[in-house]
Amino acid sequence: MKYIKVLLLVALVIAGHSLWERRSVRPAPVVTSGTSSFVDVVMPQGVPSNTVVILAPVNCPSDAARRADDLADRLNRMGIPNVRRAEYSAHFVDASPAQEAGLQRAVEVLKGDIPAVFVSGRAKANPTADEVATEFRRAH
């Protein structure tokens, strides 16, 4: 009888640990401007699914803002719909662990070089126009 109680206790500990692991959010990988590919993120709120979002200061003379303007111009010439924004926002009520992880990855992208570019649930810091076009076409 004592052996069964010990086995039951071990099974409960293992089950509890398994449930806790499923519930906890794993840290998002660090994303830098040198990242070779887009990562899964939470898209900014209010953007159509077929539109590229370019985040950088708007109406600003900085190099980052000029890169964003140049990127938007190149995407327009390629026929890829895009919008320029100066801020990122996303809202959740009781976010799931997957949403929390996607939001954390978005924050890591935003910490990288500007512009941060979001395409169909994926993002990258300071990508080239060709990288954005490839990601856009992959998703559509």
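Notes on the structure in this doc start here.

Reading the values: the criteria
Residues numbered from 1 in each chain as written. Predicted model: local features only at pLDDT ≥ 70, side-chain atom pairs only at ≥ 80, totals over all residues. Heavy atoms only, no water. Helix = DSSP H or I, 4+ residues; strand = E, 2+ residues; numbered from the N terminus. Polar contact = N/O pair within 3.5 Å; in protein donor to acceptor, adjacent residues only side chain to side chain. Contact = heavy atoms within 4.5 Å. Buried < 20%, exposed > 50% of the residue type's maximum accessible area, 1.4 Å probe, protein only. Pairing = 2+ DSSP bridges. Right-handed = clockwise from strand over helix to strand, strands pointing away. Salt bridge = Lys/Arg side-chain N within 4 Å of Asp/Glu carboxyl O.

Comments concerning the side chain of Thr51
Argument step 1. Looking at where Thr51 falls in the secondary structure, it is placed in the loop between strand 1 (39–40) and strand 2 (52–55).
Argument step 2. Within polar-contact distance, the side chain of Thr51 engages the side chain of Asn50 at 3.4 Å.
Argument step 3. The contact partners of Thr51, leaving out residues within four places of it in the chain, are Met43, Pro81, Asn82, Val83 and Phe118.

What to know about the environment of Asp130
Argument step 1. Looking at the element boundaries, Asp130 is found in helix 4 (residues 129–139).
Argument step 2. Apart from residues lying up to four places away in sequence, Asp130 is in contact with Arg74 and Met78.

Some points on unusual backbone geometry
Argument step 1. The linkage connecting Ile114 with the following residue, Pro115, adopts the cis geometry, with an omega of 10°.
Argument step 2. Looking at where Pro115 falls in the secondary structure, it is placed in the loop between helix 3 (97–110) and strand 4 (116–119).
Argument step 3. Its identity is not glycine, yet Asn59 carries a phi of approximately 55°, on the positive side.
Argument step 4. Positionally, Asn59 belongs in the loop between strand 2 and helix 2 (63–78).
Argument step 5. Classification of Asn59 as exposed rests on a relative accessible area of 78%.
Argument step 6. A positive phi angle is found at Ser120, which is not glycine, with a value near 45°.

Considering the pairing of strand 3 (residues 82–85)
Argument step 1. Here four bridges tie strand 2 to strand 3, and the two strands are oriented parallel to one another. Paired with Val53 across the two strands is Val83, which belongs to strand 3.
Argument step 2. Read as a crossover between parallel neighbours, the route from strand 2 over helix 2 to strand 3 is right-handed.

Overview of the pattern of salt bridges
Any two side chains of opposite charge can pair, on the condition that their charged atoms come close.
Argument step 1. Applying the stated criterion across every chain, the model contains eight salt bridges.
Argument step 2. Across the pair Asp63 and Arg66 runs a salt bridge whose closest N-O atoms are separated by 2.3 Å. Linking Asp63 with Arg66, this pair stays in helix 2, spanning three residues, or about one helical turn.
Argument step 3. Notably, a salt bridge pairs Glu135 with Arg122, separated by 2.7 Å at the nearest N-O pair. Taken together, the residues Glu135 in helix 4 and Arg122 in strand 5 (residues 122–125) connect sequence positions 13 residues apart.
Argument step 4. For Arg122, a relative accessible area of 19% puts it in the buried group.
Argument step 5. Each of Asp40, Arg122, Glu135 and Arg138 takes part in salt bridges that share partners, so that together they form one network.

Concerning the environment of Arg74
Argument step 1. You can see Arg74 is positioned in helix 2.
Argument step 2. With relative accessibility at 35%, the residue Arg74 sits in the partly exposed group.
Argument step 3. Between the C-alpha atoms of Arg74 and Thr128, which are 54 residues apart in sequence, the distance is 9.7 Å.
Argument step 4. Residue contacts for Arg74: discarding those within four places in its chain leaves Ala129 and Asp130.

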